[in-house]
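# Coordinate inspection notes
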Amino acid sequence: MADDTSRTIRGRFTTCELVRREELTEDLIKFWIKPAQPFSFKPGQYCTIGVDGIERPYSIVSSPDEKEIELFIEVVPVAEGGHLTPLLDHLEVGAEMTLRPRAKGIFVLQAQFKHHIFVGTVTGVVPYLSILRKFLNDPEWPEPQEGIERNDYTFDVLEGASYLDEFGYDDELTQIASKHDFVKFYPSVSRPAEARNDPWTGAEGRINTLVEDYVSQLGFDPKETCIYACGHPQMIEDVGRRFANTDYTFIEERFWKEDE
Ligand SMILES: Cc1cc2nc3c(=O)[nH]c(=O)nc-3n(C[C@H](O)[C@H](O)[C@H](O)COP(=O)(O)OP(=O)(O)OC[C@H]3O[C@@H](n4cnc5c(N)ncnc54)[C@H](O)[C@@H]3O)c2cc1C
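Residues numbered from 1 in each chain as written. Predicted model: local features only at pLDDT ≥ 70, side-chain atom pairs only at ≥ 80, totals over all residues.

### Regarding the sheet that holds strand E4 (residues 54-59)
- Spatially, six strands are ordered E4-E3-E6-E1-E2-E5 in an open sheet, and the strand pairing comes out antiparallel. Where the open sheet ends on each side, the last strands, each with one partner, are E4 and strand E5 (69-74). Pairwise comparison of adjacent strand axes, ignoring direction, gives a mean angle of 40° for this sheet.
- Judged from the six bridges that link them, strand E3 (residues 46-51) and E4 form a sheet pairing that is antiparallel. Residue pairing for E4: Ile 49 is matched across the bridge by Arg 56. (Pairing = 2+ DSSP bridges. Helix = DSSP H or I, 4+ residues; strand = E, 2+ residues; numbered from the N terminus. Axes fitted to C-alpha atoms, helices over the stretch in contact; angles between N-to-C directions.)

Encoded structure:
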């Protein structure tokens, strides 16, 4: 993570322009940015953007085939230690940000497995959107794998949020799941009793407490299944623990550390 005391960016960087933004809730925003130079990435990777010398990594929602880079950002208020996000929150369309020229990250599709269980909390759903959009738009992707036909692949997206308005991509995921029987979307709210969740009729409870039952009902061969967890560190730790002594493969992407 960037050093917040020195606001001089070292090393190579380029720029990008904020071309569209959308507020989902008070602290969740979607950004669409246009890089000044061609920017390539693999679905699931992240880019690093900056304002006033403060840089942070953000996983990418869009598929590499899309013209703009889409981001889904949770604002951490200054009072809770936020640095870059309070600045992003005030950026207007047309604003320029820095952009590191290379995407990074290894939280990408593990194409050697047939079954993919994507577990995320709120913004943790981001890399899964990029993977799914790419899979659905590009019949040549991923590269052929020994012993796996393209129509063997299945994707189950399990997303947890406190409130029903925080899922961000529930409409898109519901629509994808209704069109393709190899994709399922299972959202759950963890605070069902609160008034903000009154209209909610779906699953209830923290997603990490529901994942084992969900996976066992699927009945996939654990050796052919990869479980991904992204977002809240406590959720990731718990899901990792639940599948630690099994034949499932588990990979994770932590957006922040609990003790920071
Ligand atoms: C690989 C990677 C990908 C990431 N992708 C995304 C993404 O797609 N969307 C996104 O919103 N963030 C993402 N993050 C987190 C992001 O990089 C920033 O850390 C976050 O936006 C907060 O930035 P900040 O400068 O305002 O606060 P920071 O200075 O980074 O952090 C301030 C404090 O807030 C905590 N914190 C950071 N993020 C959160 C959060 N979401 N909720 C509660 N506490 C938090 C930190 O642990 C720290 O204590 C990602 C991080 C990594 C490492």
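### A word on the nonpolar core
- Among the nonpolar cores identified, the biggest contains 61 residues, and Cys 47, Leu 71, Val 119 and Val 157 are the most heavily contacted of them.
- If you tally residues by element for this core, the top one is helix H2 (residues 126-137), at six residues.
- Shared between two domains, this core takes at least three residues from each, and those domains are domain 1 (14-99) and domain 2 (115-254).
- Contacts of Leu 71, omitting those with residues within four sequence positions, involve Lys 30, Phe 31, Ile 33, Tyr 58, Ile 60 and Val 61. (Core = buried A, V, L, I, M, F, W, Y, C linked by C-beta atoms within 7 Å. Buried ≥ 20, exposed ≤ 12 C-beta atoms within 10 Å, placed from the backbone. Domains from an automatic or database assignment. Contact = placed C-beta atoms within 7 Å.)

### Side note on unusual backbone geometry
- A cis amide bond links Trp 141 to the next residue, Pro 142, at an omega of 0°.
- Note that Pro 142 resides in the loop between H2 and strand E8 (154-161).
- At Val 122, a residue that is not glycine, the phi angle is positive and equals roughly 45°.
- Relative to the assigned elements, Val 122 resides in the loop between strand E7 (115-121) and H2.

### With respect to the environment of Thr 98
- Among the secondary structure elements, Thr 98 is positioned in strand E6 (residues 96-99).
- Separated by 45 residues in sequence, Thr 98 and Gly 53 have C-alpha atoms that sit 8.1 Å apart.
- In this structure, Thr 98 is in contact with Ile 9, Phe 13, Thr 15, Ile 49, Gly 50 and Glu 55, ignoring residues within four places of it in sequence.

### Some points on the pairing of E7
- Most of E7 sits inside the fold, with seven of its seven residues counted as buried.
- Covered by surrounding structure in E7 are His 115, Ile 117, Val 119 and Thr 121 together with His 116, Phe 118 and Gly 120, the residues of both alternating faces.
- Sheet analysis places E7 next to E8, joined by seven bridges and oriented parallel. Residue pairing across strands places His 116 opposite Phe 155, the latter belonging to E8.
- In this region the chain leaves E7, passes through H2 and returns to the parallel neighbour E8; the handedness of that crossover is right-handed.
- Sheet topology note: the E7/strand E11 (residues 225-231) ladder contains six bridges and is parallel. Bridge assignment links His 115 to a residue of E11, and that residue is Thr 225. (Right-handed = clockwise from strand over helix to strand, strands pointing away.)

### Side note on the environment of Asp 165
- Within the secondary structure layout, Asp 165 lies in the loop between E8 and helix H3 (170-179).
- The class for Asp 165 is partly exposed, based on 16 C-beta atoms found within 10 Å.
- The contacts of Asp 165, once residues within four sequence positions are left out, are Leu 24 and Thr 25.

### A short note on the sheet that holds strand E12 (residues 249-254)
- A sheet is described by the order of its strands in space; here six strands give the open sequence E10-E9-E8-E7-E11-E12, paired in parallel fashion. Looking at the sheet topology across the chains shown, the edges are occupied by strand E10 (203-204) and E12.
- Strands in contact with helix H5 (residues 233-242) are E7, E8, E11 and E12; relative to E11, the strand with the most contacts, it is inclined by about 160°.

### A short note on the domain arrangement of the protein
- Partitioning the protein into structural domains gives domain 1 (14-99) and domain 2 (115-254).
- Of note, the centres of domain 1 and domain 2, computed from C-alpha atoms alone, are 23 Å apart.
- With 15 residues of domain 1 at the interface, the matching set in domain 2 holds 14 residues.
- If you list the elements that add at least two residues to the side of domain 1 that touches domain 2, you get strand E1 (14-25) and E5.
- The biggest single contributor to the side of domain 1 that touches domain 2 is E5, with three residues.

### Some details on the pairing of E12
- Relative to E12, E11 runs parallel, the two sharing six bridges. Bridge pairing in E12 links Cys 230 to Glu 253.
- Between the parallel pair E11 and E12, the chain is carried across by H5, and the sense of this crossover is right-handed.

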